[in-house]
Amino acid sequence: MEQNGVLQDIPVAEMIHSAMEARKKAYTPYSGYKVGAAVLTNELRIYTGCNIENASYTPTICAERTAISKAVSEGWRKLKAIAIVGSPEGDEISQFAFPCGVCRQVMREFANPEEFIVITAKSVQDYKAYRLCDLLPEGFGPENLKTQEITR
Ligand code: THU
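Each value, and the rule that gives it
- Chains are numbered independently. Their residues run from 1 in the order of the written sequence.
- Where local features are concerned, this predicted model is filtered to residues with pLDDT of at least 70; where side-chain atom pairs are given and counted, the filter is 80 or more; whole-chain, interface and lining totals use all residues.
- The side-chain figures draw on all heavy atoms in the structure; neither hydrogens nor water molecules are used.
- In the cavity and pocket records, a cavity denotes points on a 1 Å grid over the protein atoms alone where a 1.4 Å probe fits but cannot get out, a pocket denotes an open set with protein on both sides within 12 Å along at least 5 of 7 lines, and lining residues are residues with an atom within 4 Å of a point.
- Grid points are joined across faces, edges and corners, and a volume is the space filled by probe spheres set on the points.
- Residues are grouped as follows: nonpolar covers Ala, Val, Leu, Ile, Met, Phe, Trp, Tyr, Cys and Pro; charged covers Asp, Glu, Lys and Arg; every other residue, Gly included, is treated as polar.
- Helix and strand assignments follow DSSP, with helices taken as H or I runs no shorter than four residues and strands as E runs no shorter than two, numbered in order from the N terminus.
- Contact between two residues is taken to exist if any of their heavy atoms lie within 4.5 Å; hydrogens are not considered.
- Near is defined per residue: the residue qualifies when any heavy atom it owns lies within 4 Å of the molecule or strand.
- The term polar contact refers here to a pair of N or O atoms within 3.5 Å; inside protein, the definition further demands a hydrogen-donor-capable atom paired with an acceptor-capable atom, and it admits residues adjacent in sequence only when both atoms are side-chain atoms.
- Per-residue and other accessible areas were derived by the Shrake-Rupley procedure at a 1.4 Å probe size, with only the shown protein chains allowed to occlude residues.
- Think of it in three bands: with a 1.4 Å probe and only protein chains considered, a residue is buried below 20% of the maximum accessible area for its type, exposed above 50%, and partly exposed in between.
- Regarding the arc, it is the one traced by the directions from the helix axis to the C-beta atoms.
- Here, a salt bridge means any Lys or Arg side-chain nitrogen found within 4 Å of an Asp or Glu carboxyl oxygen.

Draft legend 1. Structural context of the layout of surface pockets. Each pocket or cavity is described by its volume, and for the largest pocket that value is around 230 Å³. Along the walls of the largest pocket sit 15 residues, with Asn42, Leu79, Lys80, Glu115 and Phe116 positioned nearest its centre. When its residues are assigned to classes, the lining of the largest pocket shows seven nonpolar, three polar and five charged. Put simply, the second largest pocket is a space of about 160 Å³.

Structure representation (structure tokens):
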């Protein structure tokens, strides 16, 4: 994507650095795949998260949803961007990690998909950025449930 312009108001380096720090806290005794995420609210606050696995497997939560849950539970429901750093165990980030489908849907709940930016990074300098609408085309969101008044 065209990175100049859309990333203008986004503190990309700070978000990637925050995601890298959060990744160090990942609890991954089963997969060994460690992910860190940093979400930016519309008010420019950053909340971080890591993946947290579970012996029963299905309760595992991804880093992105940990970060979003932290922001929303603190009262910030409008999100602007997220940075993701994910790679198998070890300090070197060998791949660009993309959010799973469930996490894309959770982003959709609290973001404008045309504007929300997903950043996936190997380092502070080496990253890619996408609009959520390109990663989750024709998504289903709160606006579809017109019969219910949604307080956002
Ligand atoms: N994981 C994330 O944290 N984010 C994603 O978007 C994809 C997967 C985690 C879940 C699990 O702990 C590990 O990566 C392997 O699936």
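Text resumes after the structure shown.
Draft legend 2. Quick peek at the environment of isoleucine 52. For isoleucine 52, the location among the structural elements is in the loop between strand S2 (46-50) and helix H2 (63-73). Each C-alpha atom of the pair isoleucine 52 and arginine 108 lies 22 Å from the other, and the pair is 56 residues apart in sequence. Not counting residues up to four positions away in its chain, the partners in contact with isoleucine 52 are Tyr27, Pro59, Thr60, Ile61 and Thr66.

Draft legend 3. Representation of the site of the ligand. Inspection of the region around the ligand gives Ser31, Tyr33, Val35, Asn51, Glu53, Thr60, Cys62, Ala63, Glu64, Phe98, Pro99 and Cys100 as its neighbouring residues. Between the ligand and asparagine 51 there is a distance of 2.9 Å, counted from an oxygen atom to a side-chain nitrogen or oxygen. The side chain of glutamate 64 places a nitrogen or oxygen atom 2.7 Å from an oxygen atom of the ligand. Considering the ligand on its own, with 370 Å² of exposed area, one finds that the protein chains cover 77% of that surface. Going through the elements one at a time, strand S1 (33-41) and H2 are the ones with two or more residues in the shell around the ligand. Residue composition of the shell around the ligand, grouped by class: seven nonpolar, three polar and two charged.

Draft legend 4. Summary view of helix H3 (residues 101-109). Three or more residues of H3 are buried, namely Cys103, Arg104, Met107 and Arg108. Down the axis of H3, the buried side of the element spans an arc of 150°, and every buried residue falls inside it. On its buried side, H3 packs onto H2, strand S3 (79-88), strand S4 (117-121) and helix H4 (132-135).

Draft legend 5. Highlighting the pattern of salt bridges. On inspection of all chains with the given rule, the structure shows five salt bridges. With a closest N to O distance of 3.5 Å, aspartate 134 and arginine 131 form a salt bridge. Note on arginine 131: relative accessible area 29%, which makes it partly exposed. Put simply, Glu114, Arg131 and Asp134 are held in one network by salt bridges that share partners.

The values reported here are purely geometric and, on their own, carry no functional implication.
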